[in-house]
Amino acid sequence: MANAFGDLSAWQAMLDRHAELFSEMSAGSRVGFVSRSESGVTPGKHVAGLMAAKGAGDMMAWERRETGMQTSLEDYAGFQDARVDLLFVAEDEALAAMREALSGEALGMIKRLIRKGGIMFYVMKNKYQLQDAGYEEFLESLGLSFLGACR
Amino acid sequence: MNRPGEEKLKHLFRPGSIGRFKTKNMVKYGACCVSNYNGRDGFITPRELARVRVIASTGCGIITNQGAYPDPLGEGKAYFRQVAIFDDKFIPQFETIAGYIHDAGAVAIQQILHAGRYGGIDLGYCIQPSVVPQTLPHFRPPRELTKEQIKAIVAQHADAARRAIRAGFDGTEVTSFMGYLLANFNSRFTNQRSDEYGGSVENRGRFMRELIDAVKQATPDSPMLIRLNAAELMDRWGGNSEDECFELMQQAVDCGVDMISVTVGWQEAPESSFGRDVSPGHWNHLSAKAKRLFPKTAIAFGNRLPDPVMADQCIRDGVFDYWEVCRPLLADPELIHKAAEDRLNEVRPCIGSLNCLSRLFRDLPYTCTMNPVLGHEVEPEYAITPAVEKKRIMVIGAGPAGMEAAITARKRGHEVTVFEKSAHIGGNLAAYAANDLARPEDLRSVIDYYRVMADKLGIEVRLNTEANAKFMRSVLHQYDVCLVAAGARTDLGAFRYLEGAELLVDALEVAHGRIKPGHRVVMVGGGMIGLTIAESLTKAGHEVVVVEEEKRVAGDVMPTFKWRHTAWVDELGIRTLTSSRLVKVTSEGATVKNAKGEESFVAADTVLVSSPRKANHDLFHEFQWMVDELHGAGDAVIARGLDAAIHEGYRMGVRI
């Protein structure tokens, strides 16, 4: 395996299967996935690791283009430079589980992993920007609270 | 203590003290929610003042007024219509509130709330110790505080405290709950600083210590209270461990705070802290630990502890000193008085639906599912006043809308009879409770409340009595008013042209226990009713597939509970076919077509239908010429849910 995400074509196939989730998104909308271990994020210091990491790993980007959501691999140099709207930071086990699920219910798996804490999730834009960019459907599909979650 | 309940709950109703002030009991009204009733400029409105009068009269020994933001820019402002205390111009209104609280014999505490990570609601940013991106899109992108800004914020808190005391409050409270600025400094999730305000727990607690010192110096004769997390529930995100939380509490104790209010959770925590799925008393161990570690500091606690009897036992057992309660008092402002009068069975229960918070995150004023008057105290139209003309009222349906209307109308002096076609009251709420995976007791407590109040008020409830045209003819001219609150039903007619429609089964029949489905079930409709029944059946061993026409399930579920249903669907392994509709039913199963037009067959022994729902309008047409006044309430008007049923029932009750 060349990178933490494995075969990108499998991810692309998964995105193509769920194209309807991204159909409302504006062109240029971007989502990033980074591996916690390759990003230098250490246990118990997730955010510190996230913020300190400078080009230590790869980021899988999903970018909305004319033809739909497209995957690519990029260098990860910290969230400030990632040019993404949403950033997912995944444990190695979570990434493995996602790769396993790519031909099946991968989004359901991502949703469960977020809830279990295997994937952390950051928003780089506010709700109005995300709404305008057409993210609501995607976020809701992952069970993420689009508004507040005080419970 | 001269009321019967005070003797029974003698620990709760014994006097206490905070600083130099005596409290008449051990109940603290917690500033749990910002009401969003106020001006966008931070000024307090008549609506708020009317609400505070009700709060003041709750009978609590200590009353904490809702959090006011202390800075003129509004960086600390968390809610759309939050009150402000950054200038002396606000003092007169706070004087009014302090007066209300003192008139009721309570100790008045003003909370100062700087929301930090959750603030800046009118701005394009929020301020934090470090730039840690948000995990919820509702909140603003972060900016890192400079040391000069930190000092200014500390001074703003001290000024705010000084203003509160000048306005007549007895003490002040600063809060970290739930993830506000104080918590942002304390937590290693949001504090990544490398200066003296970041790093070790000692350094992270520096802001809190400076804050306490400044407030205490500004108001040396007044008690200072602090709300601190005993658990952030953010561990997986790099937040504080429980040990670190208690280490920070120790720092606050060492700084001489007069009370620690122990809290649980952050707004962005991945698990519930006080929702309906959390059992009452679940977090008590955290409070007990605080009490054990800090025996000389008063401990207040109330997270998911809605019951005064449990609270009394906790005080007796040394779990905490003061029962901090808010949401149960939103549902029933008379809770403490009813406890004191040994009338706890008459308490209108808080069911933890968190309707209050669901609305705040849409920048709306908070309301309460159980209390239709909340937020309308200023409006005389919502008051229960004696009816000028006493009427004979028949209510059709003993669900929440009907019972609420009956009780309210009866309180006004009307004669009320409720007609219910089934053998029990509660309507579809009883069926919901029977299938609820969270806390069915909460839902049943609503029905119990209606039963008790109907008995107490002398409302006749005729069970097993179906109201139809024939029945109406038999009681012609015996009633002045007919209120139709017959709820809604599953609209099986919507499928009448479907092949195999005769095999469809109404999901509500299953929910009520009148029909037992086969092992393999297809549930048509993935809204609240369909999901609740699907979850219950799955838990009982059935294999259930949910078919939903919309893109997502749980579309009609309260936002604060939607995540719970979607998580249950995952955990229970319930297959959902969204953007799909039923096209054919046979004795072998159901054929379903998705948005792309692709058909698939789902094997099933029973195909249940939970959606669409149809309001029971028929009675309106049948009764139109048979009674002087004909009204409707709840799902009988438009199929919705519990809060609409209760609120409309009440509004009809106060208007007839």
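Quantities reported herein were computed from a predicted structural model and do not represent experimental measurements. (Residues numbered from 1 in each chain as written. Chains lettered and ligands numbered in written order. Predicted model: local features only at pLDDT ≥ 70, side-chain atom pairs only at ≥ 80, totals over all residues. Heavy atoms only, no water.)

## Description of the overall build of chain B
Secondary structure summary: chain B contains 22 helices and 27 strands in total. Over its C-alpha trace chain B gives a radius of gyration of 27 Å, about what one expects of a compact globule, namely 26 Å for 656 residues. C-alpha atoms of chain B, sized along the principal axes, occupy 75 × 60 × 45 Å. Counting every atom, chain B has about 23,900 Å² of accessible surface; 49% of that belongs to carbon and sulfur. Across chain B, the centroid of the 78 positively charged side chains sits 1 Å from that of the 83 negatively charged ones. (Helix = DSSP H or I, 4+ residues; strand = E, 2+ residues; numbered from the N terminus. Rg over C-alpha atoms; globule rule 2.2 N^0.38 Å. Areas by Shrake-Rupley, 256 points an atom, 1.4 Å probe, with all protein chains shown as cover. Lys, Arg positive; Asp, Glu negative; His and termini not counted. Charge placed at Lys NZ, Arg CZ, Asp CG, Glu CD.)

## Looking at the domain arrangement of chain B
Residue and element names in this part refer to chain B. Domain annotation of chain B identifies domain 1 (4–360), domain 2 (385–487 + 616–655) and domain 3 (492–614). Look at where the C-alpha atoms of domain 1 and domain 3 centre, and you get two points 43 Å apart. Across the boundary between the two partners, domain 1 contributes 8 residues, which contact 6 residues of domain 3. Both sides of the domain 1 and domain 3 interface together cover about 580 Å² of buried area, and 64% of this is carbon and sulfur. (Domains from an automatic or database assignment. Contact = heavy atoms within 4.5 Å. Buried area = accessible area lost by both parts, 1.4 Å probe.)

## Regarding the interface of chain A and chain B
Listed by partner, the interface residues are 35 residues for chain A and 38 residues for chain B. Of the roughly 3,400 Å² buried at the junction of chain A and chain B (both faces included), carbon and sulfur atoms supply 57%. For E137 of chain A, the salt bridge identified is with K551 of chain B, shortest N-O distance 3.9 Å. Within the residue set of the side of chain A that touches chain B, elements represented by two or more residues are α3 (46–52), α5 (106–116), β5 (119–123), α6 (127–132) and α7 (136–141) of chain A. (Salt bridge = Lys/Arg side-chain N within 4 Å of Asp/Glu carboxyl O.)

## Some thoughts on the environment of H114 of chain B
All names here are of chain B. By secondary structure assignment, the location of H114 is in the loop between β5 (107–112) and β6 (126–128). Put simply, H114 and Q267 are 153 residues apart on the chain and 15 Å apart in space, counted from C-alpha to C-alpha. Separated by 3.1 Å, the side chain of H114 and the backbone nitrogen of G116 make a polar contact. (Polar contact = N/O pair within 3.5 Å; in protein donor to acceptor, adjacent residues only side chain to side chain.)

## A few points about the packing of helix α14 (residues 400–411) of chain B against helix α16 (residues 440–457) of chain B
Residue and element names in this part refer to chain B. With their axes 10 Å apart at the nearest point, α14 and α16 run at an angle of 30° to one another. Between α14 and α16, the interaxial angle falls into the category roughly parallel. Of the two possible hands of crossing, α14 and α16 adopt the one that is left-handed. Counting all contacts with α14, which are made through P400, M403, E404, I407, R410 and K411, the residues of α16 involved are Y450, M453, A454 and L457. For the contact of α14 with α16, the per-class residue count stands at 7 nonpolar, no polar and 3 charged. (Axes fitted to C-alpha atoms, helices over the stretch in contact; angles between N-to-C directions. Parallel < 35°, antiparallel > 145°, perpendicular 65-115°, else oblique. Left-handed = near helix turned anticlockwise from the far one by under 90°. Nonpolar A, V, L, I, M, F, W, Y, C, P; charged D, E, K, R; others polar.)

## Quick notes on the sheet that holds strand β3 (residues 68–76) of chain A
Residues and elements named next belong to chain A. Pairing within the open sheet is mixed, and its 5 strands lie in the order β3-β2-β1-β4-β5. Only two strands of the sheet have a single neighbouring strand rather than two, namely β3 and β5. Direction aside, the axes of adjacent strands within the sheet are offset by 20° on average. Inspection of the sheet shows strand β1 (residues 30–35) paired to strand β2 (residues 57–65) by 5 bridges, in the antiparallel sense. Note on β2: the bridge partner recorded for V34 is M59. Along the sheet face, helix α1 (residues 8–17) touches β2 and β3 and points at about 145° away from the line of β3. (Pairing = 2+ DSSP bridges.)

## Structural notes on the side chain of R117 of chain B
Residues and elements named next belong to chain B. Residue position: R117 is located in the loop between β5 and β6. We classify R117 as buried; its relative accessible area is 0%. For R117, the side chain forms a polar contact with the side chain of E268, separated by 2.7 Å. (Buried < 20%, exposed > 50% of the residue type's maximum accessible area, 1.4 Å probe, protein only.)

## A word on the environment of D92 of chain A
All names here are of chain A. Inspection of the secondary structure puts D92 in helix α4 (residues 92–101). Each C-alpha atom, one on D92 and one on V34, is 9.9 Å from the other, the two residues being 58 residues apart in sequence. If near-sequence neighbours (up to four positions away) are discounted, D92 is found in contact with S35 and S37.

## A closer look at the sheet that holds strand β4 (residues 62–68) of chain B
Residue and element names in this part refer to chain B. The strand order around the closed barrel built from 8 strands is β3-β4-β5-β8-β9-β10-β11-β12, with neighbouring strands paired in parallel fashion. Across this sheet, the average inter-strand angle for adjacent strands is 30°, counted without regard to direction. When strand β8 (residues 171–175) meets strand β9 (residues 224–231), the two strands line up parallel, connected through 4 bridges. When the bridges of β9 are listed, E173 appears paired with L225. Helix α2 (residues 46–56) rests against β3 (27–29) and β4 of the sheet, and its axis sits at about 155° to β4. The strands touched by helix α7 (residues 206–218) within the sheet are β8 and β9, with β9 carrying the most contacts at an inclination of about 160°.

## Examining the pattern of salt bridges
All names here are of chain B. Tallied over the entire structure, the rule returns 48 salt bridges over all chains. A salt bridge links E268 to R117; the nearest nitrogen and oxygen atoms lie 2.7 Å apart. In this pair, E268 sits in the loop between β10 (259–264) and α9 (284–293) while R117 sits in the loop between β5 and β6, placing the two residues 151 residues apart along the sequence. Take E268: its relative accessible area is 6%, and that puts it in the buried class. Among the charged side chains, a salt-bridge network with shared partners connects R3, E6, E341, R343, E346 and K456.

## Some points on the pairing of β9 of chain B
The side chains of a regular strand alternate, first on one face of the sheet and then on the other. Residue and element names in this part refer to chain B. Within β9, 8 of the 8 residues are buried, leaving the element largely enclosed by the surrounding structure. Here β9 runs beside β10; their pairing, made up of 6 bridges, is parallel. Looking across to β10, one finds that R227 is bridged to S261. Taking the sense of rotation as the criterion, the β-α-β connection linking β9, helix α8 (residues 242–254) and β10 turns out right-handed. (Right-handed = clockwise from strand over helix to strand, strands pointing away.)

## Some thoughts on the side chain of T58 of chain B
Residues and elements named next belong to chain B. With respect to the helices and strands, T58 occurs in the loop between α2 and β4. When its relative accessible area of 1% is taken as the criterion, T58 is described as buried. Within the local environment of T58, its side chain forms a polar contact with the backbone oxygen of I55, the two atoms lying 2.6 Å apart. Apart from residues lying up to four places away in sequence, T58 is in contact with Y29, I63, L329, P333, I336 and H337.

## Describing the packing of helix α19 (residues 528–539) of chain B against helix α20 (residues 559–572) of chain B
Two numbers describe a pair of packed helices, the interaxial angle and the distance between the axes. Residues and elements named next belong to chain B. It is the contact of α19 with α20, at a shortest axis distance of 10 Å, that shows an interaxial angle of 30°. When the interaxial angle is binned, α19 and α20 end up roughly parallel. α19 and α20 meet at a crossing whose hand is left-handed. For the pair α19 and α20, contact is made by L531, T532, E535 and T538 and by H565, W568, V569 and L572, respectively. Its residues assigned to classes, the contact of α19 with α20 shows 4 nonpolar, 3 polar and 1 charged.

## Re the nonpolar core
In terms of nonpolar packing, the biggest core is built from 216 residues, with W62 and F138 of chain A touching the most fellow members. Viewed by domain, this core spans two of them, domain 1 (4–360) and domain 2 (385–487 + 616–655) of chain B, each represented by three or more residues. Counting 24 residues, the second-largest nonpolar core is a separate cluster that includes V510, V521, L537 and V553 of chain B. (Core = buried A, V, L, I, M, F, W, Y, C linked by side-chain atoms within 4.5 Å.)

## Observations concerning the packing of aromatic side chains
This model, assessed by the stated rule, comprises 22 aromatic pairs over all chains. With centroids separated by 6.1 Å and ring planes inclined at 40°, the aromatic side chains of F301 of chain B and F320 of chain B adopt a geometry described as tilted. One end of the pair, F301 of chain B, is in strand β11 (residues 298–301); the other, F320 of chain B, is in the loop between α10 (308–316) and β12 (322–325), and 19 residues separate them in sequence. For the pair F301 of chain B and F320 of chain B, a shared accessibility class is recorded, and that class is buried. Relative to F471 of chain B, the ring of F419 of chain B has its centre 4.9 Å away and its plane inclined at 65°; by these criteria the two rings are edge-to-face. You can see F419 of chain B sitting in strand β14 (residues 415–419) and its partner F471 of chain B sitting in helix α17 (residues 469–474), a full 52 residues away along the chain. Looking at F419 of chain B, the relative accessible area reads 1%, which means it is buried. Classification of F471 of chain B as buried rests on a relative accessible area of 13%. Aromatic ring contacts, followed pair by pair, group W11, F22, F33, W62, F88, F121 and F138 of chain A into a single cluster. (Phe/Tyr/Trp six-rings, centres within 6.5 Å; stacked < 30°, edge-to-face > 60°.)

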